[in-house]
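Topology and contacts: notes
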Amino acid sequence: MEVTTRLTWTDEIHLRNLLGNVSLSLLYKSSAHGDRIEDMVQRCSHQGCTVTMIYVNDNIIVAFMLGNYSNLCENSTELNDSLWFSVQKKNGTTEVETLLLNVAPKISDKQLVGRSLQKDIFLIRLYNNTIYLTEMIAKNLKLDFYGFQKYLECEVFRVEGFKDNLHYAKKIMKAGEHRNRLLAEIRAYKPYADLVSEIRILLVGPVGSGKSSFFNSVKSVFHGHVTCQAIVGSDVTSITEQYRIYSVKDGKNGKSLPFMLCDTMGLDETEGVGLCIGDIPHILKGCMPDRYQFNPHKPITPEHSTFITSPSLKDRIHCVAYVLDINSIDNLSSKMLAKFKKVHKEVLSCGIAHVALLTNVSNCSEVLQDNFLNMSRSMTSQSQVTNVNKMLGIPISNILMVGNYASDLELNPVNDILILSALRQMLRAADDFLEDLPLEETGNLSLFSTSQKSLVIF
């Protein structure tokens, strides 16, 4: 009879992502393979890296990860680094805590009590489904219990495709925690002074630079799995032929987030091909409607049936992201660079905030420092960043890098951090734009916002 894990499909995907897109193979399940030490060690020894899941109840899992399972017997004195984590489901969310120790847990058949327990940080007694953990571990994993605790099930998995060592696993887990903080920050974001309800970010760049893929990547992060709503491809001409204004929902059935990503036809160095530069001022001013069919030979005009003649601040673009493939920056033709500068001139004349978004970063881990807060100065892509800074005069802090989800099947927390950090910087740039608007453009809106808040209060 086939033995299956107690993990739900969603939990298993979450765990695999947590450890860096690994594969998991079930080696041992206490209810199916026996509750003796010999049963466990026989099935789990010499299997390489493993992760052991202790199901305390339906909502709490205590787990540890080992590089070697052969020295868990109670008489072993060999040190074995172990990465600990707890997975707790609370109010519809999953919280993960991690702890790296240079001590392994122990498995015992003995009725150990008193002083003999003090030397053990964690003990598994298979014969009566009991674990023992110290207050130190419980506190670090934010568990509300310690000492002896009954559990429902014990499972051990072989971890395949695991990189380097347990320190890498801790980095991946810490990345997951930082990603969750970024998600919470963006979910709670509100545009400056409530002047608009949603920030509009325009994506502009050459054919194949990754504009549509960036939208798909942002949506994927907020949905928790890879999605592909916007059409992408590798054609020599632009796949995107319509102007699209995409909203992003927080999950499949969640509310719309406070930003929109506006996708355009790709720029082409050949005249009469790709996005018509004459369309740029109309897009920036909010005159172009969603799903407008681009004409590479001529721009939209006020006579067009769907032209927005009196756009408000909410219809306008609040931030422009120049999207460039990081591998093609050094090979931009003079004609393409000239088109970029024409677009940039229009953006500057409107006073709109702008950033550069460099896509197709191959090693996302290299881009970020270990604390995930800043970019690494030793990264190999530093020369491309400097080139963009010189070409367009964009500050280094507004030159962002991402690895879009184009061919990936699963999300990666480090990729997510780059995507979310880029989005957060765009929102901050848009806030700067809104704050800098003249009073005659925002005065009435501010008064309206204040009166609305007063109505809510009283």
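The coordinates are above.
Please read these numbers as outputs of a predicted model, since none were measured by experiment.

Reading guide: rules and limits
Residues numbered from 1 in each chain as written. Predicted model: local features only at pLDDT ≥ 70, side-chain atom pairs only at ≥ 80, totals over all residues. Heavy atoms only, no water. Salt bridge = Lys/Arg side-chain N within 4 Å of Asp/Glu carboxyl O. Helix = DSSP H or I, 4+ residues; strand = E, 2+ residues; numbered from the N terminus. Buried < 20%, exposed > 50% of the residue type's maximum accessible area, 1.4 Å probe, protein only. Pairing = 2+ DSSP bridges. Contact = heavy atoms within 4.5 Å. Axes fitted to C-alpha atoms, helices over the stretch in contact; angles between N-to-C directions. Arc of directions from axis to C-beta. Parallel < 35°, antiparallel > 145°, perpendicular 65-115°, else oblique. Nonpolar A, V, L, I, M, F, W, Y, C, P; charged D, E, K, R; others polar. Phe/Tyr/Trp six-rings, centres within 6.5 Å; stacked < 30°, edge-to-face > 60°. Lys NZ or Arg CZ within 6 Å of the ring centre and 35° of its normal.

**Side note on the pattern of salt bridges**
- Within this structure, the stated rule accounts for 11 salt bridges.
- Of the charged contacts, one joins Asp58 and Arg6 as a salt bridge, the two residues approaching to 3.4 Å between their closest N and O atoms. With Asp58 in the loop between β2 (50-55) and β3 (60-66) and Arg6 in the segment before α1 (9-18), this residue pair connects regions lying 52 residues apart in the sequence.
- Taking the relative accessible area as the measure of exposure, Asp58 reaches 61% and is therefore exposed.
- A salt bridge links Arg187 to Asp250, with the nearest nitrogen and oxygen atoms 2.9 Å apart. Within this pair, whereas Arg187 is found in helix α6 (residues 166-187), its partner Asp250 is found in the loop between β12 (242-249) and β13 (256-263), the two being separated by 63 residues in sequence.
- Take Arg187: its relative accessible area is 36%, and that puts it in the partly exposed class.
- Within the structure, one salt-bridge network assembled from shared partners comprises Glu185, Arg424 and Arg428.

**Looking at the sheet that holds strand β16 (residues 353-359)**
- In space, the 7 strands of this open sheet follow the order β14-β12-β13-β11-β15-β16-β17, with mixed pairing throughout. For this open sheet the edge positions go to β14 (292-293) and β17 (399-401), each flanked by a neighbour on one side alone.
- The pairing of strand β15 (residues 319-325) with β16 spans 7 bridges and is classified as parallel. Across the sheet, Val323 pairs through a bridge with Leu357, a residue of β16.
- Sitting on the sheet, helix α12 (residues 413-435) is in contact with β11 (199-204), β13, β15, β16 and β17, with an inclination near 165 degrees to β16.

**Notes on helix α3 (residues 37-44)**
- Within the sequence span of α3, burial applies to Ile37, Asp39, Met40 and Cys44. Along the axis of α3, the buried residues cluster in a sector spanning 165 degrees; they form a single face.
- Residues of α3 that are buried in the fold lie against β1 (23-29), α2 (30-33), β2, β6 (106-107) and β10 (153-160).
- His46 lies just past α3 and shows a positive phi near 55 degrees.

**Some thoughts on the pairing of β1**
- Extensive coverage of β1 is indicated by the burial of 5 of its 7 residues.
- Bridge count for β1 against β10 is 6 bridges, and the pairing is antiparallel. Bridge pairing in β10 places Lys29 opposite Glu155.

**Digging into helix α11 (residues 382-392)**
- Listing the buried residues of α11 in full gives Gln384, Val385, Val388, Met391 and Leu392. The buried residues of α11 occupy an angular sector of 130 degrees when the element is viewed end-on, so they sit on one face.
- Buried-residue contacts for α11 involve β15, α9 (334-349), β16 and β17.
- Among the residues trailing α11, Gly393 stands out with phi positive, at a value near 70 degrees.

**A few points about the side chain of Ser213**
- With respect to the helices and strands, Ser213 occurs in helix α7 (residues 211-223).
- Here Ser213 falls in the buried class, since its relative accessible area comes to 12%.
- When residues no more than four places from it in sequence are discounted, the contact partners of Ser213 are Val232 and Asn404.

**Regarding the packing of α7 against α12**
- The interhelical angle for the contact between α7 and α12, taken along N-to-C directions, is 110 degrees, at an axis separation of 10 Å. Judged by the inter-axis angle, α7 sits roughly perpendicular to α12. Residues Phe214, Ser217, Val218, Val221 and Phe222 of α7 pack against Asp416, Ile419, Leu420, Leu423 and Met426 of α12.
- For the contact of α7 with α12, a count of residues per class yields 8 nonpolar, 1 polar and 1 charged.

**Structural notes on the packing of aromatic side chains**
- Applying the stated rule across the entire model yields 6 aromatic pairs.
- Centroid distance Tyr292 to Phe294: 5.9 Å. Interplanar angle 90 degrees. Geometry classified as edge-to-face.
- Residue classification places Tyr292 among the buried positions, given a relative accessible area of 7%.
- On the numbers, 6.0 Å between centres and 70 degrees between planes, the contact of Tyr322 with Phe340 is edge-to-face. One end of the pair, Tyr322, is in strand β15; the other, Phe340, is in helix α9, and 18 residues separate them in sequence. Accessibility classification places Tyr322 together with Phe340 in one group, the buried group.
- Taken together, Tyr243, Tyr292 and Phe294 form an aromatic cluster joined through their ring pairs.
- Across the ring face of Tyr55, the terminal group of Arg6 is positioned such that the distance to the ring centre comes to 5.9 Å.

**Brief notes about the sheet that holds strand β7 (residues 122-125)**
- Taking strand neighbours across the sheet as the criterion, the 4 strands line up as β6-β7-β8-β9 in an open arrangement whose pairing is mixed. One side of each edge strand has no neighbouring strand; the edge strands of this open sheet are β6 and β9 (147-150).
- Bridge count for β7 against strand β8 (residues 130-133) is 4 bridges, and the pairing is antiparallel. Bridge assignment links Ile124 to a residue of β8, and that residue is Ile131.

Purely geometric stuff here, so don't read any function into it on its own.
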